[in-house]
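Here's the letter readout for the chains.
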Amino acid sequence: MNALETSALTYRYGPDKVLDNVNLVVSPGTIYGFLGPNGAGKTTTLKLATGLLRMQEGAIHIFGQSMPVHRIEILRSIGTLIESPSLYAHLTARENLLLYQKLYRCPSARITETLERVGLARTGSKKAGQFSLGMKQRLSIAIALLHSPRLLILDEPTNGLDPSGIIEVRELLKQLTGQEGLTVLISSHLLAEIERLVTHIGIIHKGRLVFQGTMDELHMKQRHSSGLLLGTDNPEGARHLLSECGIEAVPENGHLVLPDLPSEKMAEITRQLVARDIGVYRIEPKKNDLEQIFINLVND
Ligand SMILES: Nc1ncnc2c1ncn2[C@@H]1O[C@H](COP(=O)(O)OP(=O)(O)O)[C@@H](O)[C@H]1O
Ligand SMILES: [Mg+2]
């Protein structure tokens, strides 16, 4: 049974289709990064999944239960941070959690446990209103974790924080995602932000899921899109010769990009190029970093 699954999820704001047939699959125990540029549809997807927006088309199942039919059961099993929750500025971290503990009717021991977990156990009588942005965000995450959810859904949890807050929340996420049994779905518009955190990734662009798989599969895609960069004083002539040899060369920023070729083949081609008086001044491996893969995916 999947932790979260959307089937053919489609959503419109008025006439604008902002989600188009999104099939998200989050397996239990995974850390799923939901990546996409601003405006791609991440928040809309997560709001639908947590029942904050009314469904229009498609289906959503969380631990096998369908939203919105089993809304209450679902809300019990998930912890969410989608928009800044209301923190009580005049209350301490502990007092804030006490309110939610009563609301959730979870054991009061959870308060101390959760404060420890987010690193706020020693904030004493300090009021949440006096917290730094990072501390406020950690308190928000504590509220999401208080009732021991099986699935934690965080929508761009480092957005809007100052640099030290970003570091604090990143550190906390590293700890949380290292813990067993908790499935985490975390969205971001920055690959670098989640790359080292997640096991699985879904990339959304203009409301469509353009990639979904493991981080390894994304790396594989990266390797497949690597090649050789050829610098020559006569790109057109070189292209012509290469195509005679059955090799497709694609011009890019004044260079040619070739598929990965065995060394002997490359040596042979270089000899032929030079024999035709085509100057070769650079041959180097072209490696797409993950960021480039992301950009390619969202530009296709
Ligand atoms: N309340 C709204 N009314 C109309 N359009 C909206 C509303 N909220 C979001 N949108 C539009 O829906 C698209 C997806 O937005 P959103 O889900 O917030 O993207 P993301 O979270 O990936 O940045 C965007 O084009 C955005 O402008
Ligand atoms: Mg958003």
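Predicted model, so just to flag it, every value in this text is computed and none were measured.

Draft legend 1. How the structure looks around the pairing of strand β15 (residues 280-286). When you tally the buried positions in β15, you get 0 out of 7 residues, a small fraction of the element. Sheet topology note: the strand β12 (residues 227-232)/β15 ladder contains 6 bridges and is antiparallel. Within β15, the position partnered with Gly 231 by the bridge is Arg 282.

Draft legend 2. Structural context of the sheet that holds strand β13 (residues 250-252). Taken in spatial order, the 4 strands of this open sheet run β13-β14-β12-β15, and their pairing is antiparallel. The open sheet terminates on both sides in strands that have one partner only, identified here as β13 and β15. Across this sheet, the average inter-strand angle for adjacent strands is 30°, counted without regard to direction. The pairing of β12 with strand β14 (residues 255-258) spans 3 bridges and is antiparallel. Bridge assignment links Leu 228 to a residue of β14, and that residue is Leu 258. Contacts from helix α9 (residues 235-244) reach β12, β13 and β14 within the one sheet, and its direction differs from that of β14 by about 20°.

Draft legend 3. Seen up close, unusual backbone geometry. The amide bond that connects Met 67 to the next residue, Pro 68, takes the cis arrangement and shows omega of 5°. Within the fold, Pro 68 resides in the loop between β6 (65-67) and α2 (71-77). If you check the backbone angles, Asn 21 has positive phi at about 60° while not being a glycine. Assignment of secondary structure puts Asn 21 in strand β2 (residues 16-22). Here Asn 21 falls in the partly exposed class, since 15 other C-beta atoms lie within 10 Å of it.

Parameters at a glance
- Counting from 1, residues in each chain are numbered in the order their sequence is written.
- A letter from A marks each chain and a number from 1 marks each ligand, given out in the order of writing.
- Local features in a predicted model are, by the rule used here, given only for residues with pLDDT of at least 70; side-chain atom pairs are given and counted only at 80 or more, and totals for whole chains, interfaces and linings are based on all residues.
- Comment: burial labels come from other C-beta atoms within 10 Å of the residue's own C-beta, placed from the backbone, where a count of 20 or more is buried, 12 or fewer is exposed, and between is partly exposed.
- In this text, helices come from DSSP runs of H or I with a minimum length of four residues, and strands from runs of E with a minimum of two, each type numbered from the N-terminal end.
- Whether two strands pair depends on DSSP finding at least two bridges between them.
- All axes are obtained by fitting lines to C-alpha atoms, using only the stretch in contact for helices, and the reported angles, taken between N-to-C directions, cover 0 to 180 degrees.
- By the convention adopted here, residues make contact when the C-beta atoms placed from their backbones lie within 7 Å.

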